[in-house]
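Descriptive analysis of the structure
For reference, the chains in residue letters:
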Amino acid sequence: MYRGRHSIESPSFAEIGGLVVDGNHQGMGIGKTIMSECEEWARVNGFDNIRVRCNGKRESAHRFYIAIGYEEKKWQKVFDKRL
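As a starting point, this report considers the structure included with it. The structure displayed is predicted, hence computed values, not measured ones.

1. Quick notes on the packing of aromatic side chains
Tallying each qualifying case throughout the model produces three aromatic pairs. Judged by centre distance (6.1 Å) and plane angle (20°), the ring pair of Trp41 and Phe47 falls under stacked. Exposure remark for Trp41: the relative accessible area of 28% places this residue in the partly exposed category. Members of the aromatic cluster, connected to one another through ring pairs, are Phe64, Tyr65 and Tyr70. The residue whose ring lies beneath Arg51 is Phe13, and the NZ or CZ to ring-centre distance is 3.9 Å.

Structural data, given as structure tokens:
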């Protein structure tokens, strides 16, 4: 069972690695319902903070998270090198 993120440099938190709702079903409240359920899970499991990760290019998703009460905390880039 998932138990959140625990690290030395910050307090523990629940984390959603990403959420995608099919474009044909966006705007129907599905994402909001999923996020509400995740928040409730976090509360029940003793977390007072929840974080969601989102691709930097998904601007409509950024607006969605802000609309449901999340605030942007950090901008980060990830670099890969194909070998």
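That shown, we press on.
2. Some words on the pattern of salt bridges
Overall, the coordinates contain three salt bridges when judged by the stated rule. Residue Arg53 is joined to Glu15 by a salt bridge in which the shortest nitrogen-to-oxygen separation is 2.4 Å. With a gap of 38 residues between them, Arg53 in the loop between strand S2 (50–52) and helix H2 (59–67) and Glu15 in strand S1 (residues 14–16) connect regions that are remote in the sequence. Among the residues examined, Arg53 registers a relative accessible area of 34% and is labelled partly exposed. Arg43 is the salt-bridge partner of Glu40, the closest N and O atoms lying 3.2 Å from each other. Of this pair, Glu40 and Arg43 are both found in helix H1 (residues 30–44), three residues apart, which corresponds to roughly one turn of the helix. With relative accessibility at 39%, the residue Glu40 sits in the partly exposed group. A residue is classified by how much of its surface remains accessible, and Arg43, at 52% relative accessible area, is exposed.

Rules and cut-offs
Residues numbered from 1 in each chain as written. Predicted model: local features only at pLDDT ≥ 70, side-chain atom pairs only at ≥ 80, totals over all residues. Heavy atoms only, no water. Phe/Tyr/Trp six-rings, centres within 6.5 Å; stacked < 30°, edge-to-face > 60°. Buried < 20%, exposed > 50% of the residue type's maximum accessible area, 1.4 Å probe, protein only. Lys NZ or Arg CZ within 6 Å of the ring centre and 35° of its normal. Salt bridge = Lys/Arg side-chain N within 4 Å of Asp/Glu carboxyl O. Helix = DSSP H or I, 4+ residues; strand = E, 2+ residues; numbered from the N terminus.

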